[in-house]
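Letter by letter, the chains look like this.
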Amino acid sequence: MSNLDRPRSGRFRFGAAAVGLALLAPLVACGSGDGGDGGVPTVNLYYPPEQNLQKVVDDCNAQAGGRYRIAYRILPRAADDQRVQLVRRLAAEDSGMDVLGLDVTWTQEFASAGWLREWTGERRAEAERGTLAGPLETARYEEKLYAAPKNTNVQLLWYRSDLVPNPPRTWDEMIGVAQQLRASGQPYRVITMGAQYEGLVVLYNTLVASAGGQILSDDGGRAVFDDGAVRALEVLRRFATAGVTTPSFSNTIEDQARLEFQSGAGAFQINWPFVYPAMQEADPELAKKVKWARYPGVDPQTPSRVTIGGVNLAVSRYSRHPAESFAAAACLRSPEHQKFSAINDGVPPTIESVYAEPEMADAYPMRDTILEELKDAATRPRSPAYQNISTVLSATLSPPSNIRPAETADRLRKAAQDALESKGVLP
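Residues numbered from 1 in each chain as written. Predicted model: local features only at pLDDT ≥ 70, side-chain atom pairs only at ≥ 80, totals over all residues. Heavy atoms only, no water.

Undergrad: With reference to specific residues and values, describe the sheet that holds strand β9 (residues 266-271).
TA: Spatial strand order, β8-β9-β7-β10: four strands in an open sheet with mixed pairing. Looking at the sheet topology across the chains shown, the edges are occupied by β8 (189-191) and β10 (290-293). Between one strand and the next, the sheet's axes are offset by a mean angle of 20 degrees, whatever the strand orientation. Summarising the sheet, β8 and β9 pair through three bridges and their orientation is parallel. Paired with Arg189 across the strands is Gly266, a residue of β9. Across the sheet, helix α9 (residues 254-262) touches β7 (156-160), β8, β9 and β10, and the angle it forms with β9 is around 160 degrees. (Pairing = 2+ DSSP bridges. Helix = DSSP H or I, 4+ residues; strand = E, 2+ residues; numbered from the N terminus. Axes fitted to C-alpha atoms, helices over the stretch in contact; angles between N-to-C directions. Contact = heavy atoms within 4.5 Å.)

Undergrad: Any chance you could break down the confidence of the model for the protein for me, citing the residues and the numbers?
TA: Put simply, the protein has an average pLDDT of 91, and 90% of its residues get 70 or more. In the predicted structure, residues 5-33 sits below a pLDDT of 50 and forms 87 contacts with residues beyond four places in sequence or in another chain. (pLDDT = per-residue confidence, 0-100.)

Undergrad: I'd like to hear about the state of the cysteines, residue by residue, with values.
TA: Overall, the coordinates contain one disulfide when judged by the stated rule. Across the disulfide, Cys60 is cross-linked to Cys331 (sulfur-sulfur distance 2.2 Å). The sign of the S-S torsion, about -100 degrees, decides the handedness of the disulfide formed by Cys60 and Cys331: left-handed. With Cys60 in helix α1 (residues 53-64) and Cys331 in helix α12 (residues 322-332), this residue pair connects regions lying 271 residues apart in the sequence. Of the two residues examined, Cys60 and Cys331, each falls in the buried class. (Disulfide = S-S within 2.5 Å. Buried < 20%, exposed > 50% of the residue type's maximum accessible area, 1.4 Å probe, protein only.)

Undergrad: How would you explain the packing of helix α8 (residues 227-241) against helix α17 (residues 405-420) if you had to name every residue and give the values?
TA: The geometry of α8 relative to α17 is characterised by a closest axis approach of 9 Å and an angle of 125 degrees between their N-to-C directions. On the basis of their axis angle, the class for α8 and α17 is oblique. Relative to α17, α8 is oriented so that their crossing is right-handed. Contacts between α8 and α17 involve Val230, Leu233, Glu234 and Arg237 on the former and, on the latter, Pro405, Ala406, Thr408, Ala409 and Leu412. Grouping the constituent residues of the contact of α8 with α17 by class yields six nonpolar, one polar and two charged. (Parallel < 35°, antiparallel > 145°, perpendicular 65-115°, else oblique. Left-handed = near helix turned anticlockwise from the far one by under 90°. Nonpolar A, V, L, I, M, F, W, Y, C, P; charged D, E, K, R; others polar.)

Undergrad: I'd like a rundown of the sheet that holds strand β6 (residues 148-153), residues and numbers included.
TA: Read from one edge to the other, the open sheet built from five strands follows the order β2-β1-β3-β11-β6, with strand pairing classed as mixed. What marks the edges here is a single partner per strand, and that holds for β2 (69-74) and β6. Each strand axis lies, on average, 20 degrees off the axis of its neighbour in the sheet, ignoring direction. In this sheet, strand β3 (residues 99-103) lies alongside strand β1 (residues 42-47) in parallel orientation, the contact comprising two bridges. The residue bridging Leu45 from the neighbouring strand is Val99, located in β3.

Undergrad: Please set out the packing of aromatic side chains residue by residue, giving values where relevant.
TA: Inspection of the entire model under this criterion finds 10 aromatic pairs. On the numbers, 6.3 Å between centres and 55 degrees between planes, the contact of Tyr141 with Tyr146 is tilted. Put simply, the rings of Trp171, Phe239, Phe249 and Tyr295 pair up and form one aromatic cluster. Above the face of the Tyr188 ring, Arg182 is positioned so that its terminal group lies 5.9 Å from the ring centre. (Phe/Tyr/Trp six-rings, centres within 6.5 Å; stacked < 30°, edge-to-face > 60°. Lys NZ or Arg CZ within 6 Å of the ring centre and 35° of its normal.)

Dropping the structure here:
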């Protein structure tokens, strides 16, 4: 029987990217993991800040019945800082780390370094049961499962229904509508993230997948950048030069995009679902005019394929309590706890059945659109060298107005291949 408090009403809190972040729980001092509660093993959970995760931890501890006790060790807020801490401690074979909350782009990197234990047998079956295919794909490396997806996320198209009766299906259509609105003196801008960081890589990756293209070969060993990737560059350049973006587009990240749209300057926004509750609180009148739709595609006949975010739960190779760690991870991402975290912390579930729960309707009015995108989602290039690849992609794509599709594709192909051939895990 769950000891979780009744979830709060339909209000939810979305994080600015992969996860929902709000107030931080107090940071607990690090421990060795040997257990100090009458011999009960301590399972150290290293996870990003999530406001109500401690309640999930407390419930899992109650359900464990004394077999183990989870201690929530809060990682830094910034993703880069999280990764640096994890990499340094795992490289030092730190046995005080047990369950790891990994950004979906890190699982392959950490698995290739030999830092993660494989999920096998019934553990693997439990982790895969009912889990959406896209999030599950991010947890695999060389056909083996090295993590269990805890939460996921996708971006949506947000639009002013008082200005645009029907949402555009493609980028070309959206650009055209925005130009018509500008000509008539109405709010017209298309607001999204274009700064030189991961958000720009996510934008480009979604365009590539939506155009049916590839950045890397299927085995992740070769930089491809095929015709679909070139087409994505053409769309991105046209968008950046069509006169429909904000002046700060090439410096905009998620929360800046949200604030610009809330100011009333935009007709469209492409962003994560965290913008929905923020808008309701900041400008209820504007919120009444804003609706959501599937992310625009590249071709009218083909739906978009949207890049997913999220967090996977992995068990450290150096954990002194692997059996208890696997059990703790399974509990933390169980259907009941995914539902609780979705409603209370705004982190979309990875288990499909959770979306059908009655309590989700109020918290996630856009849940059908989120689930529709998740069922045909795109993952970022799956490679242990992803961090290197992301760095060269964002540098080469920035600013998007300077893109020259064929030439830029050649530069991307060479830079990405160089990144793939760089050996080892970079801090």
